[in-house]
Structure formats: structure tokens, C-alpha cells
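# Breakdown of the fold
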Number of protein chains: 2
Amino acid sequence: MRTVKAPRGNALTCKSWQTEAAMRMLMNNLDPEVARDPANLIVYGGTGKAARNWECFDKIVETLKKLESDETLLVQSGKPVAVFKTSEWSPRVLIANSLLVPKWANWEYFRELEERGLIMFGQMTAGSWIYIGTQGILQGTYETFYAVAQKYFEGTLKGKFVLTAGLGEMGGAQPLAVTMNDGIILAVEVDKRMIDRRLKTGYLDTWTDDLEEALRLIDEARKAQKPLSIGLLANAAEVHPKLVESGIIPDVVTDQTAAHDPLNGYIPKGLTVEQAAELRRNNPQEYLDRVYDSVCEHVEAILNMKKLGAKVFEYGNNIRRLAYDHGVRNAFEIPGYVPEYIRDLFAQGKGPFRWVALSGDPEDIYATDQKVLELFPRDEHLRKWIEMAREKIHWQGLPARICWLGQGERTAMGLAMNEMVKSGKLKAPIVIGRDHHDTGSVASPYRETEAMKDGSDAIADWPILNALLNTASGATWVSVHHGGGVGIGYSIHAGMVIVADGTELARKKLERVLTNDSGIGVIRHLDAGYEIAKKTAIDQHLNYPMMK
Amino acid sequence: MRTVKAPRGNALTCKSWQTEAAMRMLMNNLDPEVARDPANLIVYGGTGKAARNWECFDKIVETLKKLESDETLLVQSGKPVAVFKTSEWSPRVLIANSLLVPKWANWEYFRELEERGLIMFGQMTAGSWIYIGTQGILQGTYETFYAVAQKYFEGTLKGKFVLTAGLGEMGGAQPLAVTMNDGIILAVEVDKRMIDRRLKTGYLDTWTDDLEEALRLIDEARKAQKPLSIGLLANAAEVHPKLVESGIIPDVVTDQTAAHDPLNGYIPKGLTVEQAAELRRNNPQEYLDRVYDSVCEHVEAILNMKKLGAKVFEYGNNIRRLAYDHGVRNAFEIPGYVPEYIRDLFAQGKGPFRWVALSGDPEDIYATDQKVLELFPRDEHLRKWIEMAREKIHWQGLPARICWLGQGERTAMGLAMNEMVKSGKLKAPIVIGRDHHDTGSVASPYRETEAMKDGSDAIADWPILNALLNTASGATWVSVHHGGGVGIGYSIHAGMVIVADGTELARKKLERVLTNDSGIGVIRHLDAGYEIAKKTAIDQHLNYPMMK
Ligand SMILES: NC(=O)c1ccc[n+]([C@@H]2O[C@H](COP(=O)([O-])OP(=O)(O)OC[C@H]3O[C@@H](n4cnc5c(N)ncnc54)[C@H](O)[C@@H]3O)[C@@H](O)[C@H]2O)c1
Ligand SMILES: NC(=O)c1ccc[n+]([C@@H]2O[C@H](COP(=O)([O-])OP(=O)(O)OC[C@H]3O[C@@H](n4cnc5c(N)ncnc54)[C@H](O)[C@@H]3O)[C@@H](O)[C@H]2O)c1
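Residues numbered from 1 in each chain as written. Chains lettered and ligands numbered in written order. Predicted model: local features only at pLDDT ≥ 70, side-chain atom pairs only at ≥ 80, totals over all residues. Heavy atoms only, no water.

What follows deals with the relation of the copies chain A and chain B. In the superposition of chain A on chain B (RMSD 0.1 Å, axial shift 0.0 Å), the rotation amounts to 180°. This pairing of chains is accounted for by a two-fold axis. Distance from the rotation axis, computed per C-alpha, reaches its smallest value in chain A at Pro 102 of chain A: 2.1 Å. Most of the interface of chain A is mirrored in chain B, where 100% of its interface residues again form contacts. (Least-squares fit on C-alpha atoms with pLDDT ≥ 70 in both. Contact = heavy atoms within 4.5 Å.)

Given below as C-alpha cells:
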């Protein structure tokens, strides 16, 4: 098998850092430490790929090595299709992945075209060369619980009791994300191996299989106002209704069982993991029927907790839809996590901003961590994140940092990093980018744009404007994709990456791109009627011509 | 009612010619001479609008008047939503109209959003401010018949017999388009008023209501090898089968009855126009049943003519589908006009290129006409078009010229016009643009990308790459739209406009934009396997990294 790894250090193999950065980041996406299935060029998220095939990969690399600083490479669904003369202000690479004329935008047709070698699924950061591994999950979850605290608990989960279920790949970040917000969390998980994994990596403090004991521990932590995470080996469909019966109502309730995939991701009550595996194999229909019953009880318990005052939300696992389809007609009274918690961050231009050290040296990231603390000394929340990230996060591929900065902050940080490169404080240039799951870059009515205030959930003008604007502002590469996160037919989104190479031109571009990229997001939310976006726009001097 | 007319002359009301041009072209789109329903901001093509409402229109104008040469205005479905600092290489306006996440991309949902004031239908050149009236129809038809001649008749329709039906708004261009190609045309039309209109404007040479006489005239013209157009007052569903019976087989057969709208656009046989109107009113179902019968006989006759050697094609009126749905199972053996004739033009980078004189002075357009003849002295076909256009075309709003130039030619013409502005040979700058119905700017599986060689009809990466590339190359305004031509759900397409203001910067931008914009079109066709595109790419030194 072929192994790809980005070059490290500050020697150029391309003609500029702009093209060097694109090449290294493409390679880094396929680094075995980073990619899920590098042999098939798959990075993450189902079949999200970095290039259409190895021939295309090689040709992209070869083209980037020759590309001049006033030329632009075009990539169509992972295939390099053209080089044109543009200008030094232009992106070096323009990417369009997985886009289909709407009437044909479904998985069946997409797979047909894929089999004929004509298209590629780009997910979000896979086909746009800025995936940085699992850091994103931890911070996303941390930010969500922080937003819960901000919205309902005066900024802290101190002394608050959070109930959830599922300690899998993503769900496993919940205990740490809550304790980092000073809260107490009970995570119900039916699989002991999952509990053990989280204990071993320090994501979870303790565990028990006795609900009474768990409640006692929670009570103590509450009184002491101390953070604590407890794994409870049990089934949520049994525990949740029991809590309601006993009148024990958590402050916050969510869920990360993999209910989006009922046959493989949800264990019905009354079965061990082993028994569940057997029934699934021998009688999938009976398995599913049991899942539906359990999910309904589970969701009804959550609805009851809501009625009794708990703050509840769905965390993108589609459990509402499943319960709704099997009889819980009011399942959608549980709000989605984006409208409830992330929307307000997006409205302030906050989102999964990130950067990568092209040197390959972790010291470069530590130096930027230090810079974050220097630039935003009063941001306690940010300090916590940076400290925790240093302690907990293992490098995958090129060292990187994710950091949810908002309007204005991203610009300040980008300019500071460019200055650090210029003055030699960093060993090589820095690549700055973000997820497509960001403030102004995505239209996705079942996730990022669910329940917009003005009903504009499905309008896709915004991600396209975002991509055009970043192209006009000096980004190093820009991408537009379809179907990321929620699948073909359900989203349109755009990516942006820019290189801080220490030059004056990079300074000008960074100032514009990092202001405009999230700026259009703030304005998208202001236009939809969000007050906090309006306030941000005014504070940050954004120009919205129709301002009343 | 409010009347909008663009300023003329060479005095600026904005801060630069780039913004002045955008403002004048927006206003020109709403000029009563140009727009179909200016009171409702509707320009053409159903409800294709130039701005969302009058408040938005005023705010766009106000914003353009203040806009600096390193700022960019963003327009979301006809509403001005932001101004950002970019660079002097960037477009002054970026536009996204009517875009929806695919799963929600249908007319019903679109109309709902439109009623709530959240979206606007932009058609192609309506919402992107480069509509120039009905010139386009005549040249499009002229080019189609020219392509027929090129493909099957050694470059000329001399002595060839073309059969069609329908002399309506678009169809009325057919007689002149054929005689301009030196051919003979019989146009069957059931409405005498339509025939009279075409006679009066010189689009049609003569008429008769006697098929025998028409055939005699055709015979004479054939022998004399003289161009001739004849209107035959009759119904195509009666004439066509009769011709087949008599063994009279035309060389070329097409159709422009408005069969896409069976109730209003097609008259069943046996009825006069007045009788048809009455039946339509009193018994629409019987009307439709009669239409289906007539259309089937009409299409079967065309299929028979094909079997007997005629070159037949559908001209975008969906008559194949109608016949297919009512029993003619082989209706799709009639090819569409794009794969048959326009595809090869697109593959050479040819398409509806156009320019507009901001001075408002027709002399400026005559001077550019002269320049076309000078630059391409051996192109007989082009000379004919320019001469005919001068003679036949009435100005609508600002004087304009449409001219299907190809890869390389567009660049040469753009640079020449910039030089003419610089040297004072023109009274004011020139706006250069094109329809979205062009070589590399549209994905539309029922029209522009029907039956692509590699099956990539529905892949929409290309129009997005086109828009990003034009933004990166220095276009003055760039747009991305959804649903133009064929309706919501069925197409994604991009527009480009650039101003030749005589400056050195404009020269550099024109060189890049006019080369790259059609260049990506040539490459899109090369990538799909068209040999003529490969040849064009090689001749024009386009860079396709995967070239074998
Ligand atoms: N919107 C987002 O961006 C977002 C973010 C994170 C997670 N999610 C969703 O959250 C879900 C979890 O993701 P994951 O990667 O952690 O899944 P996973 O399959 O790795 O883990 C699911 C866990 O739930 C446990 N479980 C299943 N049924 C249970 C029950 N009845 N009681 C207790 N535990 C039970 C399983 O044993 C497993 O450990 C998925 O549906 C995912 O799509 C969405
Ligand atoms: N693909 C394209 O870009 C493209 C270009 C041009 C036209 N079209 C299509 O061509 C069609 C014609 O367009 P238009 O604007 O000229 O329509 P129109 O309604 O103005 O004219 C149609 C004409 O056909 C005549 N007619 C109807 N039934 C007839 C019959 N049975 N026999 C003889 N004459 C008959 C009517 O009297 C009328 O004059 C439309 O369907 C249009 O969508 C498509």
C-alpha cells in the first residue's frame, strides 16, 4: 500500500508557500494518522475523499509543483481539470466537489456517476484539504455545552446535572466537554468497552452500574459544586423513564446514541451488547421493532423532563425523527442543537476556525497557543480550551489547533500569526482555514440552517456568495461542495483556506479574508433577524446596506 | 408608474466605470424598451427579475454610487446584503440568485419563499444585469441553422429545403435565419396575424395558403439555388403527414410551435385560431385530447421524414416529451438541438457573447461592428451576421451587439474594444458579457448539457468553477443562478460581465477573463470527450493537466 505523508520543514518543493501549502495539506489529509481509509483516498465522514483517484492525486501534486504565483488550478470533484493565468490576488486552487443539478441530486444517481468515474464525494474538509483529525469533535462539544451554560445558567454548568447517553466516537467527548464547563454529567452507555476507553484516556472520571450510586455521587458533587463525569453501564431506554418516575429531573438532557442508524447504532432495552448482536443477525425486523419501542420510551422520557423544566436538545442523531415516525407525535418539541445553541455563536461569526503548522513542529502550535492567550487575555473560556487542548490532544499528521474564534478575533489571530512567521518566531508558514460547518458557509436545513428565524433554511445563495467573496478577497484555496454532513441533496457549503507566509501581500489578504469570510456569516444571520448578529455587525463595522 | 432609464454619455455618476457600468446595466434591464414588465421589475423569461423590489433596487443604486474600486457589493436574490473591502482585482458586484438546497428545489417551495420576500427568480441575464432584448433570438437561430449547414451540407443551406412550424415570438426568427444561410424554408403557421407580422418586418419573404403553390415555389428556388422563405397558412399536424404521403421529404425539419404549453401554445388540427380559442375556453379537456392526437401525428410525420433521410431536431419546445407521453414511444429518436448543433460550437468556446455601449450612442456599436469585420476578415458567416444585424435590429435601451465569438476571438475583440475606448474612438466605455446559456457556464440536462458524451449532464461542478474562475480573473460582476431556461430544479448557471474602460488594468483583466471564461467551457467539453474541444484547446494553448 502506498503511504502519503506531507513534507515537513521550511524548504519549498513548490514555487511558493501558497502552492506548497496546498500540496502539503492534500497529502496531510491522506496521512494514515489522519485519514480513515487512505488506500482508497477516503479521509472521513462516510466516503469523503481528497482526490478522485491516485492518478488525479499525482497530477494535482505535479501541477502544484509547477504552478506560478499568478496561476490558478481548477479541481472538479477531485480531478485537476485546468490551469489558467489569473493574478497574484487570486486563489491558487479553486475546487468544486459533488455538485449536481438539484433534480438529479440523490445518492442513487450520485453513486452511478461515481462508479463511472465522473464525480467524487468531498464531504466538507476532505475534498477541500483542511481536515485535522478528531480535535474538532471535542471542541465542538465543549462549545455546545458552553453555549448551554451561557444561555440558561449564567455562563457556567457549575453544580448542574447533565444527562446523556452514548459514549461512542463522538459521544465520548461529552463527559470531558461538560466537566471542562465545570458541570456534572451522567452518561448512560450500554457497552462496557466504551466506558473503559473513555476512562483510560481521561475523558471520563468514574463509572458504576448502579443508578442509586450514580445519583448519590451526583448529589455530592452538586453540593460541593465540583465537576464530575460518571459513566452508567445501563440502557437509556430504562434509565430515563425511571428517573422521571422518581421525580429526578436533570438540568440538561441530550443524547448521542447512534439513533440515526437504528439497526446498528441503537441497543433496545433488555438486551446486552452480545444479545443485541445476535438478535440483529438472526432477526433484524424484530430487532428494529424493539428499537422503535425503546426509542419511543427514551424520547418520551426526554419530553417529560422538558415539561418538568430540563433544557433538552437533539444532538444531530435524528432521534426525534425516529420517535416521530413511530408514534411520538410531539418529538419535534425537542429543539435541534444548532438553533438552540450554535446559532448564537454563528451569529457572532464564531465557528470551527483552525490552523496547521507547515513546519511539522509542535512547538509552532504551542507558540500560537501562547499567542491566543496573549491576544484574548480576558477570555477565560478560551484559556480553558487552549490549556485542555495542549494536555489532551494527540497530534495527527501535521500539528494543528482548532479554536472557535469570532468576528474580528479571527482577523487578529491571523495577522498575529503572519507577523510571527515574518519575524521568524515560527519555523515555517501557517495554514489557516475552517470547517464548512461555519457561520456563513453552509445551507443545510436539517442541521446548520434548521429553523432559521425568517424561514430561509433552504436558501443556498449564501454559501455561494461566501465562496465568491473569499475568492475575491485573496484566499489561497476556495471550495464549494454538496451533501456534506447530511448527505447528497441536503446541503450546499463552501470552504476557505489561506496561508500566512509572513509577506506583506499575505497580510493584506488575511485582513480581508478573515474579516469577510465570517463577516458574511454575521450578515446572513442579521438578515434573518438575529439581534445578536446585528449587534456584532455594528460593533465590528460591517456594512449591511439595508440596515434599519 | 415609475420609469427607469440608464444615464447615457461619458460623465460618471458613480466613482468608477466599473460601478457606473453595473448601475447603468441594472437600470437598462428595467428600461421599458427592454423589460417585459418593468413595474414589477420583470425583465424576461417568465418572472425573471433584476432586483427583489424597488426598495432593494434603490439601495443597490445608492450603494453602487458610493462603492470604491477596492470594495465589493454582494447581492442575494436581488437584495443588496453587504459591502466588503476586497481588492482592485476583484469584481465590484457578486450575485447569487434563486439558489436552493437541492431537496427543496421545486417551484412550489420557491414560490412560497418568494411570497415571503426571501428569494427572487433571476432567470439568466435578468438578475445578472446583461439582458439586451431580442437580438439574441435571431442570432441564436441563425447560428443553429448555420451549424446544420456545417454539419450536413458542406457549410451552406443553398438549395436546401427546411420545414418548420410556428412563427411566434421566437419561431418568427426562423425564416430570416434560414435565408441568411442561403436556404429555402417552409414555415407552417395556423395564425394569419403571425404571418403578416413577419412579412411586415421583412423576416418572411412571401406566403400562401395553398400547399401545392408552396411546393412549386420551393421547387423553383431549389433549381435557381436562391434563398426563399414561405409562410404556409395551415396546421402542421395536417401538412406534415401529407408531405410524407406524397413522398416529399425536406432536407431539414424542426418545430417551434409552443408545444411546451399544450393548452395555450399548440392548435389542434381542424380548428381555426378562433375555434381553438372557443374550445379551449369551453372544454379544455377536449382541447387537450385533440392536441395530443395532433402532436402525435405531427411527431410521427417528423420521425418518418427522418427515416427517409431528413435531418430533424427538436428546438427546445418539449414536443418529444408530449408525443412520448401520449404514445409515440420512439419520439426521442429526434435529437435535441444542443447535442445536434450547438454542442460543437460550445466545444470551440462559441456562445452568445455580447457588448453594450455605455455612451448610449449607436455609432459606438457601428464602430465595434466595423472592428469585428477588421479582426476576422475571412469569416464570411460573421460578416453576414454583422451586416444583417445592422440592417434588421432595432435598438432596445442602450445600443448593444450580440456576436457568437469563440475561444481566442472573444479575447481579441475585448482587447480591441478596450483600445478603442482608450484612444477615444468610442465615446464611453463598453460593457462586455454573455448569456448564461454558454459553453462552460451551465449545467442543464434538458437543454445545454443534454446527452453529454460521457454522461456528465447533471454534474454542476462546472458552472460553479466558471463563476469562481471569473471572480479570480478580474470580471466586473459575476453571478450564479438556479433554474434559468428550464425552471427551478433543472439548471445551475453562471454569468460574467466585464467593463472595457480603456485602462491598463482593464486590459489585463480582459485578457484573462475573456480567455478563461470560455476556456473552462472548451475544457469542460474536452473532459467529456469531444474531439473538437481537444483540438481547440491545443490550438489555443489551454492547459488541461490530464491531457493524454
Ligand atoms: N450534528 C453533529 O454534527 C453531530 C455531532 C456528533 C454526533 N452526532 C450524532 O451523534 C450520534 C453518536 O455518534 P457516535 O459517533 O458517538 O456514534 P457511535 O456509534 O460511535 O456511538 C453510539 C454509542 O451509543 C451506545 N448506545 C446505543 N444505544 C444505547 C442505549 N439504548 N443506551 C445507552 N447507550 C446506547 C452504543 O453502545 C455506542 O457506544 C450519531 O447519530 C451522530 O450522527 C452528530
Ligand atoms: N431552447 C430554446 O432556447 C428555445 C428557443 C426558441 C424557442 N423555444 C421554444 O420554441 C417554442 C416556440 O416559442 P415562441 O416564443 O415562438 O412561441 P409562441 O407561442 O410565440 O408561438 C408559437 C406559434 O405556433 C403556432 N402554432 C401552434 N400550433 C400550431 C400548429 N399545429 N400548426 C402550425 N402552427 C401552430 C401558433 O399560432 C404561434 O404563432 C416554445 O415552446 C419555446 O419554448 C426554445
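Residue and element names in this part refer to chain B. Near ligand 2 you find 25 residues, and of these Glu 169, Met 170, Gly 171, Glu 189 and His 260 are the closest. One of the backbone nitrogen or oxygen atoms of Ile 267 is found 2.9 Å away from a nitrogen atom of ligand 2. Taking 860 Å² as the accessible area of ligand 2 by itself, protein coverage stands at 83%. (Near = heavy atom within 4 Å. Polar contact = N/O pair within 3.5 Å; in protein donor to acceptor, adjacent residues only side chain to side chain. Areas by Shrake-Rupley, 256 points an atom, 1.4 Å probe, with all protein chains shown as cover.)

The next point concerns the interface of chain A and chain B. Contact residues are listed per partner, giving 78 residues for chain A and 78 residues for chain B. Here chain A packs against chain B, burying approximately 6300 Å² in sum over the two surfaces, 70% of which is carbon and sulfur. Linking chain A with chain B are 4 salt bridges, by the criterion used here. Between Lys 79 of chain B and Asp 527 of chain A there is a salt bridge whose closest N-O contact spans 2.8 Å. Inspection of the chain A/chain B interface yields 28 residue pairs in polar contact (both at pLDDT 80 or more). Where the side of chain A that touches chain B is concerned, the elements lending two or more residues are α2 (54–66), β3 (71–76), β4 (79–85), β5 (93–97), α3 (107–115), α17 (461–473), β16 (477–482) and α18 (504–527) of chain A. In the side of chain A that touches chain B, the residues fall into 47 nonpolar, 20 polar and 11 charged. (Buried area = accessible area lost by both parts, 1.4 Å probe. Salt bridge = Lys/Arg side-chain N within 4 Å of Asp/Glu carboxyl O. Helix = DSSP H or I, 4+ residues; strand = E, 2+ residues; numbered from the N terminus. Nonpolar A, V, L, I, M, F, W, Y, C, P; charged D, E, K, R; others polar.)

Before going further, it helps to spend a moment on the side chain of His 481 of chain A. Residues and elements named next belong to chain A. Its location among the elements puts His 481 in strand β16. A polar atom in the side chain of His 481 sits 3.4 Å from the backbone oxygen of Met 124. Other than its neighbours up to four places away in sequence, His 481 contacts Ile 95, Asn 97, Leu 99, Gly 122, Gln 123, Met 124, Gly 127, Ser 128, His 436, Ser 491, Ile 492 and His 493.

Within this numbering scheme, the UniProt entry marks residues 133–341 of chain A as carrying the feature "domain: Urocanase Rossmann-like" (unreviewed entry). Summarising residues 133–341 of chain A: 51% helix, 11% strand, and an end-to-end C-alpha distance of 23 Å. (UniProt positions renumbered as here; feature names shortened; annotations may be inferred.)

Scanning all chains against the criterion turns up 38 aromatic pairs over all chains. Their ring planes at 25° and their centres at 5.5 Å tell us that Tyr 446 of chain B and Tyr 490 of chain B sit as a pair that is stacked. Of the two residues, Tyr 446 of chain B sits in the loop between β15 (442–443) and α17 (461–473) while Tyr 490 of chain B sits in the loop between β16 (477–482) and β17 (492–500), which places them 44 residues apart along the sequence. Tyr 446 of chain B sits in the exposed class, given a relative accessible area of 51%. The structure contains a cluster of three or more aromatic residues connected by ring pairs, namely Phe 145, Tyr 152, Phe 153, Phe 313, Tyr 315, Tyr 337 and Tyr 341 of chain A. Looking at Lys 151 of chain B, its charged tip hangs above the ring of Tyr 341 of chain B, at a distance of 5.8 Å from the centre. When the ring centre of Tyr 366 of chain B is taken as origin, the NZ or CZ atom of Arg 390 of chain B, which lies over that ring, is 4.2 Å away. (Phe/Tyr/Trp six-rings, centres within 6.5 Å; stacked < 30°, edge-to-face > 60°. Buried < 20%, exposed > 50% of the residue type's maximum accessible area, 1.4 Å probe, protein only. Lys NZ or Arg CZ within 6 Å of the ring centre and 35° of its normal.)

All names here are of chain A. The environment of ligand 1 is formed by 25 residues, the closest being Glu 169, Met 170, Gly 171, Glu 189 and His 260. Between ligand 1 and Met 170 there is a distance of 2.9 Å, counted from an oxygen atom to a backbone nitrogen or oxygen. Within the side chain of Asn 235, one N or O atom sits 3.0 Å away from a nitrogen atom of ligand 1. Isolated, ligand 1 exposes 870 Å² of accessible area, and the fraction of that covered by the protein chains is 83%. A per-class count over the shell around ligand 1 returns 11 nonpolar, 10 polar and 4 charged.

Residues and elements named next belong to chain A. Across its 13 residues, α2 extends 19 Å between first and last C-alpha, which sits within 8% of the 18 Å expected from 1.5 Å per residue. Of all the positions in α2, only Cys 56, Phe 57, Ile 60, Val 61, Thr 63 and Leu 64 are classed as buried. On an axial view of α2, the arc spanned by its buried residues comes to 165°, and they lie on one face. As for α2, its buried residues are in contact with α1 (17–29), β3, β4 and β5. Among the residues of α2, the N-terminal cap falls to Asn 53, whose side-chain oxygen and the backbone nitrogen of Glu 55 are separated by 3.2 Å. (Expected span 1.5 Å × (residues − 1). Arc of directions from axis to C-beta.)

What follows covers the sheet that holds strand β9 (residues 228–233) of chain A. Residue and element names in this part refer to chain A. Taken together, 6 strands build an open sheet; the order of strands is β8-β9-β7-β6-β10-β11 and the sheet is parallel. Looking at the sheet topology across the chains shown, the edges are occupied by β8 (206–208) and β11 (311–312). Across the sheet, helix α8 (residues 236–245) lies against β6 (161–165), β7 (184–189) and β9, angled at about 150° from β6, the strand it touches most. (Pairing = 2+ DSSP bridges. Axes fitted to C-alpha atoms, helices over the stretch in contact; angles between N-to-C directions.)

With that out of the way, let us pick up the UniProt feature "active site" (unreviewed entry) in chain A. All names here are of chain A. Within the UniProt annotation, "active site" (unreviewed entry) is assigned to Cys 403. Mapped onto the secondary structure, Cys 403 falls in the loop between β13 (400–402) and α16 (409–422). Judged by its relative accessible area of 0%, Cys 403 is buried. Once you skip the residues sitting within four places of it in the chain, Cys 403 turns out to touch Gln 139, Gly 351, Phe 353, Trp 355, Val 372, Leu 382, Trp 385 and Ile 386.

The subject of this paragraph is unusual backbone geometry. Residues and elements named next belong to chain A. The backbone phi angle of Gln 225 is positive, close to 55°, even though this residue is not glycine. Secondary-structure assignment places Gln 225 in the loop between α7 (211–224) and β9. In this structure Gln 225 comes out as partly exposed when scored by relative accessible area, which is 41%. Positioned with a positive phi, His 541 is a non-glycine residue whose angle comes to about 55°. As for its position among the elements, His 541 is in the segment after α19 (531–539). The exposed category is assigned to His 541, whose relative accessible area is 71%.

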